[in-house]
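In case you want the letters, here they are:
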Amino acid sequence: MALARLHLPLSLGQILAFLFRLVLPGLGPDGMIARFEKGFAARFGRKNAIAFCRARTGFYHLLQCLDLAKGSEIIISGLHVADFVNMILLAGFKPVVVDMETDGFGIDMADLEAKTTPRSAALLVTPLSGHCLNMRDLADFAAKRGLVLIEDCSQAFSASLDGKPVGSFGRAALYSLSLLKSISTIRGGMVTTDDAALAAKLRARAQMAGAYSRPSLAMEAVKQAIIAIATWRPIFSLLVLPLLRLTSSLGDLFGRFQKSNKTVILRSSMPPSLLEAFSWQQAVLGLQQLASFDSREAKRVRLAIRLRAQIRPDARISLPCLVEGSRNSWWLFPLLVENAAALRSFLAKQGIDSAPMLLSAISSEPAFAEMGFTAPMAERLRARTVFVPLHDAMDEEDVDRQAAALAAFLAQPLATRTA
Ligand SMILES: *Cc1c(COP(=O)(O)O)cnc(C)c1O
């Protein structure tokens, strides 16, 4: 049977139960959100965790709670959720985009050095697909230049460097709790910090949030239920993958359905939908996800290590490099591929679905053209990234079959491979 590109962390049953709880009248059980926040902080070894309706909302509030000077520059790396640029602008600061390395998801230290100015105030670092960054150098750099270090751990919940967990290096860390994230609450975001004063300010912000929108949460849950059904193996094999292959000339329809920020705009104000409260119904899911988190993460990491060990990179396909001493949490399994379209169609013929990079290359977003961002390597990295399936609905046999398909791709004569 075919292998789908993804498997949701929430089961169909959990999504349907969430929908049922959404339509219940009343306020729900007391203290559910606080319980989730406490459990989250405890699991990730931080003193405080504060839930918001999205990670980007947490980032917006965090920037405003750091007492940064007016007109400060906030540094972000070239591959990100584009709306993070809007959050920096709307929080009252200036976004600065740094480029990435050529052979992995690291930050280009020379570009970082060159773009840091006396007005630079904070550095947001984002380990992608579980790939730990070189936090030794980055934390050092931030300390020397007096930058507040913030980690976006949305794709690296359980990565670590020399045994020190990602999310513990900076003043605060962000975790998205959306669709595919290791802890998914339909949507949502968490900010963690050991700084009690900062946590109190963030909590005050969270308490000012507007009412959550049941229709909007319900719509997102229905979309996720559809994805859960579409990626159920028999349906995916018999219906979804054949349809995706037939329609491949129209682009990646699955990715388009999955993606929540379909168009990138330059925002002039914070939309009410980003200022909603996190709901108790989402907290219920969060507590369930915390309970199964360790075993889900462990299985994925085990499969990823098995897959990586079987891949023989060459000039056409390479593996993003790993930082020495890091433990990668393998949110997804990225390959860096010169001809991504050729590999994806080759794999699809063998019943193996794959996905492109859904994050934006910020420097190539037309909406941000006026700001003159430059990050050419990040743009190239985005074009070269192909995610092959890696999730906890797979087993060792699936991984070996995938490795064999990749080997068959590389065994083709060069001419057909690049056609
Ligand atoms: C998924 C993701 C987000 C999403 O943030 P939300 O505001 O919760 O939608 C942010 N950052 C990274 C790196 C992500 O992968």
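Scroll up to find the structure.
Residues numbered from 1 in each chain as written. Predicted model: local features only at pLDDT ≥ 70, side-chain atom pairs only at ≥ 80, totals over all residues. Heavy atoms only, no water.

Q: Explain the overall build of the chain here, please?
A: A count of helices and strands for the chain gives 15 helices and 16 strands. For 419 residues, the compact-globule estimate of 2.2 N^0.38 gives 22 Å, and the chain sits close to it at 21 Å. Expressed as lengths along the three principal axes of its C-alpha atoms, the size of the chain is roughly 60 × 55 × 40 Å. Taking contacts inside the chain between residues at least 6 apart in sequence as the whole, the part at least 24 apart equals 77%. If you sum the accessible surface of the chain, you get close to 17200 Å²; carbon and sulfur atoms cover 60% of it. Taken together, the 47 basic and 36 acidic charged side chains of the chain have centroids lying 4 Å from each other. (Helix = DSSP H or I, 4+ residues; strand = E, 2+ residues; numbered from the N terminus. Rg over C-alpha atoms; globule rule 2.2 N^0.38 Å. Contact = heavy atoms within 4.5 Å. Areas by Shrake-Rupley, 256 points an atom, 1.4 Å probe, with all protein chains shown as cover. Lys, Arg positive; Asp, Glu negative; His and termini not counted. Charge placed at Lys NZ, Arg CZ, Asp CG, Glu CD.)

Q: I keep staring at the packing of aromatic side chains and nothing clicks. Help me out?
A: To describe a pair of aromatic rings, one takes the distance between the centres and the angle between the planes. Across all of its chains, the model carries 14 aromatic pairs by this definition. Taking the centre distance of 5.9 Å and the plane angle of 70° together, the rings of F44 and F157 count as edge-to-face. Of this pair, F44 sits in the loop between α2 (32-43) and β1 (48-52) while F157 sits in the loop between β6 (148-152) and β7 (160-161); the two residues are 113 residues apart in sequence, bridging distant segments of the chain. Centre to centre, the rings of F368 and F373 are 6.4 Å apart; their planes meet at 70°, and the pair counts as edge-to-face. A single burial state applies to F368 and to F373, both of which are buried. Through a chain of ring-to-ring contacts, the aromatic side chains of F36, F40, F44, F157, Y175, F278 and F293 assemble into a single cluster. (Phe/Tyr/Trp six-rings, centres within 6.5 Å; stacked < 30°, edge-to-face > 60°. Buried < 20%, exposed > 50% of the residue type's maximum accessible area, 1.4 Å probe, protein only.)

Q: Help me understand unusual backbone geometry, please; the structure alone is not making it clear to me.
A: Residue S129 is not a glycine yet carries a positive backbone phi of 50°. Tracing the sequence through the fold places S129 in the loop between β5 (120-125) and α6 (135-145). Look at S129 and you get buried, because its relative accessible area is 1%. The phi dihedral of I186 is positive, around 70°, even though this residue is not glycine. Mapping I186 onto the fold places it in the loop between β9 (172-176) and β10 (189-193).

Q: What is the right way to read the environment of Q224 from this model?
A: Residue position: Q224 is located in helix α8 (residues 214-230). Overall, the relative accessible area of 0% leaves Q224 in the buried class. With 44 residues separating them in the primary sequence, Q224 and L180 have C-alpha atoms 9.6 Å apart. With near-sequence residues (within four places) excluded, Q224 lies in contact with L8, L10, I15, L179, S184 and I186.

Q: Whenever I open this one, the sheet that holds β6 confuses me. Can you help?
A: Strand order in the open sheet made by the seven strands is β1-β10-β9-β6-β5-β2-β4, with mixed pairing throughout. The open sheet has two edge strands with one neighbour each: β1 and β4 (94-98). Between one strand axis and the next, the sheet turns by 25° as a mean value, whatever way the strands run. When strand β2 (residues 73-77) meets β5, the two strands line up parallel, connected through three bridges. For E73, the partnering residue across the bridge sits in β5 and is S120. Relative to the sheet, α2 contacts β1, β9 and β10, its axis offset from that of β1 by approximately 130°. Against the sheet, helix α7 (residues 196-207) engages β1, β9 and β10, with an angle of about 20° to β1. (Pairing = 2+ DSSP bridges. Axes fitted to C-alpha atoms, helices over the stretch in contact; angles between N-to-C directions.)

Q: Would you take a moment to explain the pattern of salt bridges for this structure?
A: Pairing between side chains of opposite charge can happen when their charged atoms approach one another. For the coordinates displayed, the defined rule picks out 21 salt bridges. Taking the shortest distance from any N to any O, the salt bridge between D111 and K115 comes out at 2.8 Å. Remark: K115 and D111 occur in helix α5 (residues 109-115); sequence separation between them is four residues, near one turn of the helix. An identical accessibility class is assigned to D111 and K115; each is buried. D162 is the salt-bridge partner of R136, the closest N and O atoms lying 2.5 Å from each other. (Salt bridge = Lys/Arg side-chain N within 4 Å of Asp/Glu carboxyl O.)

Q: I'm lost on the site of the ligand in this one. Help?
A: Taken together, 14 residues are adjacent to the ligand, and R56, D152, Q155, S176 and K181 come closest. Within the contact set of the ligand, an oxygen atom lies 2.8 Å away from a backbone nitrogen or oxygen of A55. At 3.5 Å, a backbone N or O of G188 approaches an oxygen atom of the ligand. Look at the ligand: alone it shows 380 Å² of surface, and the protein chains cover 92% of it. Of the residues in the shell around the ligand, the class split is three nonpolar, seven polar and four charged. (Near = heavy atom within 4 Å. Polar contact = N/O pair within 3.5 Å; in protein donor to acceptor, adjacent residues only side chain to side chain. Nonpolar A, V, L, I, M, F, W, Y, C, P; charged D, E, K, R; others polar.)

Q: Sorry, what's going on with the sheet that holds β7 here?
A: Within a sheet, adjacent strands bond to each other through the backbone by hydrogen bonds, running parallel or antiparallel. Pairing within the open sheet is antiparallel, and its three strands lie in the order β8-β7-β12. Each edge of the open sheet carries a strand with a single partner, namely β8 (164-165) and β12 (326-327). Note that β7 and β8 share two bridges and pair antiparallel. By the bridge assignment for β8, L161 is matched with K164.

Q: When you look at the packing of helix α11 (residues 280-310) against helix α14 (residues 396-411) in this model, what are you seeing that I'm missing?
A: Angle between the axes and distance between the axes: these two values describe a pair of packed helices. At a closest axis distance of 9 Å, the pairing of α11 and α14 adopts a crossing angle of 25°. As summarised for this structure, α11 and α14 are arranged roughly parallel, according to the angle between their axes. Every pair of crossing elements has a handedness; the one defined by α11 and α14 is right-handed. Along the contact surface, α11 presents R302, L303, R306, L307 and Q310, while α14 presents E396, V399, D400, Q402 and A403. When grouped by side-chain class, the residues that make up the contact of α11 with α14 number four nonpolar, two polar and four charged. (Parallel < 35°, antiparallel > 145°, perpendicular 65-115°, else oblique. Left-handed = near helix turned anticlockwise from the far one by under 90°.)

Q: Can you help me understand the pairing of β2 in this one?
A: Each regular strand shows side chains that alternate between the opposite faces of the sheet. The buried count for β2 comes to five of five residues, which makes it a mostly enclosed element. Residues E73, I75 and S77 line one face of β2 and the alternating positions I74 and I76 line the opposite face, and both faces are buried. Bridge count for β2 against β4 is five bridges, and the pairing is parallel. By the bridge assignment for β4, I75 is matched with V96.

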